[in-house]
Amino acid sequence: MMELKMEECLLRGDSCDLMSVLHNEGLTAITLNRLDQLVTKDLCGSRFTRVLIVLKSLELLSENRVHLQTLIDSGLTAKVVLWFEAVHDILTSDLLKNSVSLVTLTEEFYDIFQLLGQTSLPVSQLSVVLLRLARFTLEPEIHFPLRLEAIRTFNSILESLSREQKKLIQTDQNQTLILSQVAAAVLTAGDYELQVSLSEALCRLTPRRDREHRANQWFSSHDISSAFCDIKDADFEVDCRRFLNFVNGLLGNQRRVYTFPCVRAFLNSTELFPPKDDKLDEFWIDFNISSGCVSFFIDEPEGFLWGSIHLLKEDVDCYSLHLKPKQCNGTETVLSVKLSKPIMHNNSRAQTVELNFNCEHHRELEEAIGKVFMEAMTSPRCKDTGGTVQVSPSVDIRHVRSYGRKKPQSKSQLKILPLSSPSSEEDSLVSKRSGLNLSPSGVPGGAQLEISGTNISLFVKEGLSCDRKRAAPDSGYLSDHNEGPLAQKRKAAPHSEGEATASLVAESPCKGAGPTQEGRFAAGAAPSVEGERPVPQLELDPTSGITAALNNFKTELNKHFTGCWQNVEAEILLSLKECQQHVSSLMTAVHHHRSKLLQRFENNVSDQLNRLHENSTSLNSMNTQILSFFQTEMQRLGSFCDEHLHRLRSLEEGVAGSWSSE
């Protein structure tokens, strides 16, 4: 009967009615088991919208703290973790990981974990939740925005813990082991915002007294560990900026994030200013290779919080990097980026961003912008259906969601730089499958095309025409679709790390940009066949396609085996946790029984001691009476003897007198 009622609610998409059904059936382990069977079946059938309705009904039930605690006592945490693991497996597969409903479902899991973290969750269960979020963040196959939000949820849960819970989590062995992987990810994250969140997790899970010792274990370089130990919680955003700038600079050509101080920034003719903070010494611009965007924070005059701008690779129409004479003397490097969709800032729309740097950074800027806007083209992405790149105020790091997530505000003990701005809750994906065969490196198999006079190398598929339109495979990027043309906007959410594009095509340079010069390219595109430079003949290698296919097969097989191993590992960890809970319950029962026996023994001994005391008192009283009686009788006996002795003396005296008279 319950299954029929739940099915009716799911068909109507009514989470409120489903909540009522669950409440009326009773929030017991039996009810959760039936719900678990339903969710597991829907996840296997890729019916993610139905699972989303179930989670929303649980979220509605959790608004009542008593109901939430009852669900937790009935095993809700274990069920949600298993469901989340199933979603993780789907996201790391090549089938449905770009589904809009799957991304939305993942967001809802973050909200459920946030609710669980705000309760008095047993440390063993809390540790499993945090471990799953950390592993989710470290999974390169998952879309970058979801990974970023996972570590933010991780930090948000840590902040909501009590002092006692935090101490227990900091000493938990599972968390200690995962921290070494988190520390390693700081060096390879490829996005500044992700680096900040990972560093925050390290600081939150490491007491100040242990930080130096653990940092020496995490980082092989003493300079890096020393720089990490210089981060103070009170000035986290400034100290973390210095730490990450130092780390990224130390990595040299291996770094995945380039950061440069900007002299001036303009949005069309409007100058943009850095955030007003005395502790920020420079106007920093971050070039994020893995997420494929250029990001920086600006002062928002009309808002209390900072504003943030993200120049996403797929939104860049064209860009140029060139030297420009200063007004006084010398030269400066100017990066000009024209976007395909305008940025909204201070109620105005603009499509051109100009960033001015000191000319000493020109060579590194060429390298950085090439890796961000060219290498990112080899990553899967979604095409937007319209809208604008929105510049919106950032909010607290733990509650910001770059693709339309909302969380209750709470005061952080760590000051964090604002991250990417939140978008609306109506995020969606527009994906399109590419017909090109990709090699394991993400480059289409075929011959290599070298363009004379430039440093651009494009790999094209045999027979691919130059005027073929680019087809972007699914990537899971989110876009907002609000009513009205002016309301449409495209949030500048970070890209997915490790994404690969499916094709490369020629695009024309931006209008009015003038002749092509060194450092000036159409973003992510090769020059047109009809352009100024001739295209040489393709040199075809008949074995390249076979080699690429074999490498692709090997890579996919390795991913499959790795995924299977991770699934087994996760199941083992979960089984160990369940065994630990059972053993802990048994040991607790034994301890309680032992305590009862000890208490019973103590009570018996107390009773016997009381009786002994009473008997001793009685015996003492008897002894006193005997002694008193004996003393009295002794006195009477003494008097009796004295009296008779006196009488005997009197008789003797009388007899003696009569003898003397005779």
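Thresholds, definitions, all that
- Residues numbered from 1 in each chain as written.
- Predicted model: local features only at pLDDT ≥ 70, side-chain atom pairs only at ≥ 80, totals over all residues.
- Heavy atoms only, no water.
- Helix = DSSP H or I, 4+ residues; strand = E, 2+ residues; numbered from the N terminus.
- Buried < 20%, exposed > 50% of the residue type's maximum accessible area, 1.4 Å probe, protein only.
- Contact = heavy atoms within 4.5 Å.
- Areas by Shrake-Rupley, 256 points an atom, 1.4 Å probe, with all protein chains shown as cover.
- Salt bridge = Lys/Arg side-chain N within 4 Å of Asp/Glu carboxyl O.
- Disulfide = S-S within 2.5 Å.
- pLDDT = per-residue confidence, 0-100.
- Pairing = 2+ DSSP bridges.
- Phe/Tyr/Trp six-rings, centres within 6.5 Å; stacked < 30°, edge-to-face > 60°.
- Axes fitted to C-alpha atoms, helices over the stretch in contact; angles between N-to-C directions.
- Expected span 1.5 Å × (residues − 1).
- Arc of directions from axis to C-beta.
- Core = buried A, V, L, I, M, F, W, Y, C linked by side-chain atoms within 4.5 Å.
- Polar contact = N/O pair within 3.5 Å; in protein donor to acceptor, adjacent residues only side chain to side chain.
- Parallel < 35°, antiparallel > 145°, perpendicular 65-115°, else oblique.
- Nonpolar A, V, L, I, M, F, W, Y, C, P; charged D, E, K, R; others polar.
- Patch = residues over 30% accessible without salt bridge, like charges linked within 9 Å, V, L, I, M, F, W, Y side chains within 5 Å.

J.: Mind showing me how you'd approach the overall build of the protein here?
T.: The helix and strand tally for the protein stands at 17 helices and 14 strands. Looking at the 662 residues of the protein, the share that counts as buried comes to 48%. Considering only contacts in the protein between residues 6 or more positions apart, those separated by 24 or more positions represent 70%. Carbon and sulfur atoms form 54% of the exposed surface of the protein, whose accessible area is close to 33,300 Å².

J.: Whenever I open this one, the pattern of salt bridges confuses me. Can you help?
T.: Opposite charge on two side chains lets them pair, provided their charged atoms get close. Counted by the stated rule, this structure contains 21 salt bridges. One salt bridge connects Asp42 with Arg50, and the closest N-O pair in it is separated by 3.1 Å. Here the salt bridges share partners, and the residues they tie into one network are Glu7, Asp42, Arg47 and Arg50.

J.: I tried to follow the state of the cysteines on my own but got confused; where do I start?
T.: Covalent bonding between the sulfur atoms of two cysteines is what defines a disulfide. Summed over all chains, the structure comprises zero disulfides. Here Cys229 stays free of any disulfide, with the sulfur of Cys203 as its closest cysteine sulfur at 9.3 Å. The cysteine Cys240 is free of any disulfide, with Cys203 supplying the nearest cysteine sulfur at 7.0 Å. According to the relative accessible area criterion, Cys240 is buried, its value standing at 1%.

J.: Before we go on, may I ask you to explain the confidence of the model for the protein in this structure?
T.: The predicted coordinates of low-pLDDT regions are not to be read in fine detail. Taken residue by residue, the protein gives an average pLDDT of 74. The fraction at 70 or more is 73%. The secondary structure element of the protein with the lowest average pLDDT is strand E12 (residues 457-460), at 30, and the one with the highest is helix H12 (residues 192-204), at 93. Confidence drops under a pLDDT of 50 for residues 376-540, and excluding neighbours within four residues, the segment shows 444 contacts in the predicted structure.

J.: I would appreciate a short explanation of the pairing of strand E6 (residues 307-312) in the present structure.
T.: Side-chain positions along a regular strand alternate between the two faces of the sheet. With six of six residues buried, E6 lies mostly within the body of the structure. Pairing of strand E5 (residues 293-298) with E6 involves six bridges; the strand directions are antiparallel. Bridge assignment links Cys293 to a residue of E6, and that residue is Leu312.

J.: Would you explain the packing of aromatic side chains in this entry?
T.: To describe a pair of aromatic rings, one takes the distance between the centres and the angle between the planes. Across all of its chains, the model carries 17 aromatic pairs by this definition. Relative to Phe219, the ring of Trp218 lies with its centre 6.4 Å away and its plane at 85°, an arrangement referred to as edge-to-face. For Phe219, a relative accessible area of 4% translates into the label buried. For the ring pair Phe260 and Phe287, a centre distance of 5.6 Å and an interplane angle of 75° mean the geometry is edge-to-face. On the criterion of sequence distance, the pair formed by Phe260 in strand E1 (residues 257-261) and Phe287 in strand E4 (residues 284-288) is long-range, its members being 27 residues apart. For the pair formed by Phe260 and Phe287, the shared burial category is buried.

J.: I keep staring at the sheet that holds E6 and nothing clicks. Help me out?
T.: Note: strands within a sheet are paired through backbone hydrogen bonds, in either parallel or antiparallel orientation. Across the sheet, four strands lie side by side as E1-E4-E5-E6; this open sheet has antiparallel pairing. If you trace the sheet from one side to the other, it starts and ends with E1 and E6, each paired once. Ignoring which end each strand starts from, the neighbouring axes of this sheet average 20° apart.

J.: Explain helix H16 (residues 362-373) here, please?
T.: Given 3.6 residues per turn, any residue in an α-helix points the same way as the ones three and four places further on. Spanning 12 residues, H16 covers 16 Å between terminal C-alpha atoms, matching the ideal 16 Å at 1.5 Å per step. Those residues of H16 that sit buried are His362, Leu365, Ala368, Ile369, Val372 and Phe373. Along the axis of H16, the buried positions cluster into a sector of 120°, meaning they face one direction only.

J.: Looking at this structure, I do not really get the nonpolar core. What am I missing?
T.: The nonpolar side chains of a soluble globular protein tend to be buried, and buried together. By size, the foremost hydrophobic cluster in this structure holds 91 residues, and its most contacted members are Leu58, Leu105, Phe113 and Phe243. The residues contacting Phe243, other than those within four sequence positions of it, are Val186, Ser199, Phe219, Ile224, Ala227, Phe228 and Ile231.

J.: Help me understand the side chain of His362, please; the structure alone is not making it clear to me.
T.: Turning to its location among the elements, His362 is positioned in helix H16. A distance of 3.1 Å separates a polar atom in the side chain of His362 from a polar atom in the side chain of Thr333. With residues up to four places along the chain from it excluded, the contact list for His362 reads Leu321, His322, Leu323 and Thr333.

J.: Help me understand helix H8 (residues 123-137) in this model?
T.: Taking 1.5 Å of rise per residue, 15 residues should cover 21 Å, and H8 covers 21 Å from first to last C-alpha, within 8% of that figure. With 12 of 15 residues buried, H8 is to be regarded as a mostly interior element. Residues of H8 that are buried include every one of Gln125, Leu126, Ser127, Val128, Val129, Leu130, Leu131, Arg132, Leu133, Ala134, Phe136 and Thr137, and no others.

J.: What am I meant to see in the environment of Pro261 here?
T.: Mapped onto the fold, Pro261 is located in strand E1. Assessed through its relative accessible area of 19%, Pro261 is described here as buried. Note: C-alpha distance between Pro261 and Asn358 (97 residues apart in sequence) is 8.3 Å. Those residues in contact with Pro261 that lie beyond four places of it in its chain are Glu282, Phe283, Trp284, Phe357 and His361.

J.: Quick question: what am I supposed to make of the packing of H8 against helix H11 (residues 173-188) here?
T.: Relative placement of two packed helices is described by the angle separating their axes and the distance separating the axes. Remark: H8 packs on H11, axes separated minimally by 10 Å, with the N-to-C direction vectors making an angle of 10°. Here H8 lies roughly parallel to H11, going by the angle between them. Taking contact as the criterion, the partners of Ser127, Leu130, Leu131, Ala134 and Arg135 in H8 are, on H11, Asn174, Gln175, Ile178 and Gln181. Tallied by class, residues from the contact of H8 with H11 come to four nonpolar, four polar and one charged.

J.: I keep staring at unusual backbone geometry and nothing clicks. Help me out?
T.: Generally, phi is negative for residues other than glycine and the peptide bonds are trans, each holding for most cases. The residue Ser46 is not glycine, and still its phi comes out positive at about 60°. Located in the positive-phi region is Asn268, a residue other than glycine, with phi close to 55°. Checked against the element boundaries, Asn268 lands in the loop between strand E2 (264-267) and strand E3 (270-272). What makes Asn268 partly exposed here is its relative accessible area of 43%.

J.: Help me understand a nonpolar patch on the surface in this model?
T.: Taken together, the side chains of Leu598, Phe601, Val605, Leu609 and Leu612 make up a nonpolar region of the molecular surface, amounting to roughly 510 Å² of accessible area. Positionally, Leu612 belongs in helix H17 (residues 544-661).

J.: Just to check I follow, could you spell out the pairing of strand E7 (residues 316-325) for this structure?
T.: Direction of pairing for E7 relative to strand E8 (residues 331-345): antiparallel, over a ladder of nine bridges. The residue of E8 that forms the bridge with Lys324 is Glu332.

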